[in-house]
Amino acid sequence: MKLFYVTLALFSVQMLFGQLSEERLSKLLTEGSIKELVDANTELMIQGNHYQAMLLANKMVELQPDNANFNYRKGRSMIALGHTPESTLPFLLKGASQTTRVYNSASHTETNGPNDAFYWLAKCYHQMADLDNAEANYQKYLDVEVHIKVEMRKYAQNGLQQVANARREMAAPRNYVVKNAGPAINKATPDYASFVALDGTAMYFTSRRTWPNEANLDVKDRATNLHWEAIFLSIKEGENWGEPTLLDFCTPENNYASVSVSKDERIVYTYNDKAQNGDIYMSNLVDGKFQTLEKLAIPRVNTAAWEPHFVISPDGERLFFVSDRKGGYGGRDIWMLEKLSNGDWSRDPINLGPEINSEFDEDAPFVALDGKTLFYGTNGPKSTGGFDIMKVVMKDDGSFGSPENMGFPLNSTHDDLFFTTVGSGEVGYFTSYRKGGFGDKDIYEVTLTNQKIEQVAMLRAIVKTEDGSPIPNDISAKFICKNCSQ
């Protein structure tokens, strides 16, 4: 998202529209002049309303099919909306066919695309794993954009590094088996940010699908024309995932994104942006129902900055969260708090440092059952394209070693993020854009060879009361292994 605002620094018209009413949008599409269409499209792109911006760009391209400026605008909105790179490519090719250094976004007579059309064309090729054309267009952008202080140059340079990484990783694929999680989990709408239970029998995930009761049928985010985010739970039935159920606290008019789940599945942590900046919330499971969300009370996690992700290690000794607060190395960084001997969390969040946090974005930390192995996503110079899943192991002194890219085919040249594993570490789930999916972002399962968590055991049991009454919410149990030394 930060990259989007960097790009649109080119646009200079005053913010007059923001979001169009259906009546105003319809009138523009049927009666609007080229000037009116361009003015509205520009403002909508600045505001991030790419769905309405694309509808206007469609009309502009219909009226002037060879206009590089109009094709560029359509391609930019298509990328932002998650359209396939194959469908986006023709418009970005036209957008880059005729460019100018003095691109005037405010002028309805501008027929050239901006120089950054080459960057977005490279990005499109990169997502398609066409590495030669991606490299050529990243370099072409750097050649034509001579102003060293233009921030997008660092993104193009990062793209070149990612292309080199992709060539290396794709030439030496890992022994992974990746498959789509199936039609119960994935629909034509985006499905993502899954969190799997330690025993592998439950999955919590975010979806923008129509609800089974259709309560959200007519409620959509007008910037994307998608339903607002909601959290679902699916239970595994044999080898397949069962039909998901909506968590109790979700309402049609608000975003509810899954973040993580406590190891006993009695607490769900979510992301919510109702305070505009975006914070972490939580819901407790009481008598079989998740309660109304409450803002996370752990001090120094939520701030006026953006906190989109949070997880507590299975041993309860550390928590990791994502924030774009000041003091980091780039956009979103991963931070950590540690449990003190008195049971409180440490006062000052610890940034995980420049080996893990780049000048770009890191996100979605997850800690394996051993409490030492950290997985996370990065779109920085260690990625092969978009976000990649990384692995790093904590040393005995509490510091982290060198991160390792999890490699191809787990990571692709598109976004791969939100990685979690079952307790053994041998099966994981993650979010990705891939050919052959059900549409947009899908959730995938990966079987991981040589990733088993050692020296950790997990017991799965069914607990019942003697008289068949519900299990009390505050129940606890202690298991003693009498022959663990054998």
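Right, let's walk through the structure included here. Every value quoted in this text rests on a predicted model; they were computed, and no experiment measured them. (Residues numbered from 1 in each chain as written. Predicted model: local features only at pLDDT ≥ 70, side-chain atom pairs only at ≥ 80, totals over all residues. Heavy atoms only, no water.)

## Focus: the overall build of the protein chain
Along the protein chain, the regular secondary structure elements total 9 helices and 24 strands. Since a compact globule built from 486 residues should have a radius of gyration of about 23 Å, the 24 Å found for the protein chain is in line with a globular shape. With respect to the principal axes defined by its C-alpha atoms, the protein chain has extents near 80 × 45 × 45 Å. The buried share of the protein chain, reckoned over its 486 residues, is 52%. For the protein chain, the share of sequence-separated contacts (at least 6 apart) that also reach a separation of at least 24 residues comes to 54%. Carbon and sulfur atoms provide 50% of the accessible area of the protein chain, an area that totals close to 22800 Å². Where the 49 positive side-chain charges of the protein chain centre and where its 63 negative ones centre are 2 Å apart. (Helix = DSSP H or I, 4+ residues; strand = E, 2+ residues; numbered from the N terminus. Rg over C-alpha atoms; globule rule 2.2 N^0.38 Å. Buried < 20%, exposed > 50% of the residue type's maximum accessible area, 1.4 Å probe, protein only. Contact = heavy atoms within 4.5 Å. Areas by Shrake-Rupley, 256 points an atom, 1.4 Å probe, with all protein chains shown as cover. Lys, Arg positive; Asp, Glu negative; His and termini not counted. Charge placed at Lys NZ, Arg CZ, Asp CG, Glu CD.)

## Focus on the nonpolar core
Counting residues in each nonpolar core, the largest one holds 53 residues, and the members touching the most others are L247, F249, F320 and F400. Not counting residues within four places of it along the chain, the set of residues in contact with L247 comprises Y204, I231, L233, V268 and F290. The next biggest cluster of nonpolar side chains, apart from the first, holds 25 residues, and it includes W120, L121, C124 and Y138. (Core = buried A, V, L, I, M, F, W, Y, C linked by side-chain atoms within 4.5 Å.)

## A short note on the pairing of strand β14 (residues 309-312)
Two elements, β14 and strand β15 (residues 318-323), share 4 bridges in a ladder whose sense is antiparallel. Bridging from a neighbouring strand, V311 pairs with F320 of β15. The antiparallel pairing of β14 with β15 creates a hairpin that spans 5 residues between the two strands, and G316 there sits at a positive phi of about 75 degrees. (Pairing = 2+ DSSP bridges.)

## Section: unusual backbone geometry
In this model, F408 is joined to P409 through a cis peptide bond whose omega is 10 degrees. Tracing the backbone shows P409 in the loop between β21 (404-405) and β22 (416-421). Phi at A193 takes a positive value of approximately 55 degrees, unusual for a residue other than glycine. Tracing the backbone through its elements, the reader meets A193 in strand β4 (residues 191-196). Take A193: its relative accessible area is 5%, and that puts it in the buried class. Positive phi, close to 55 degrees, is recorded for D440, a residue that is not glycine. Positionally, D440 belongs in the loop between β23 (427-432) and β24 (442-448).

## Some thoughts on the packing of helix α5 (residues 68-80) against helix α6 (residues 85-95)
Where α5 meets α6, the closest approach of the two axes is 7 Å, and the angle between their N-to-C directions is 145 degrees. As for the relative orientation of α5 and α6, their crossing is left-handed in sense. On the side of α5, the interface is formed by A68, N71, Y72, K74, G75, R76, M78 and I79, while α6 contributes S87, T88, F91, L92, K94 and G95. Among the residues forming the contact of α5 with α6, the class breakdown is 6 nonpolar, 5 polar and 3 charged. (Axes fitted to C-alpha atoms, helices over the stretch in contact; angles between N-to-C directions. Left-handed = near helix turned anticlockwise from the far one by under 90°. Nonpolar A, V, L, I, M, F, W, Y, C, P; charged D, E, K, R; others polar.)

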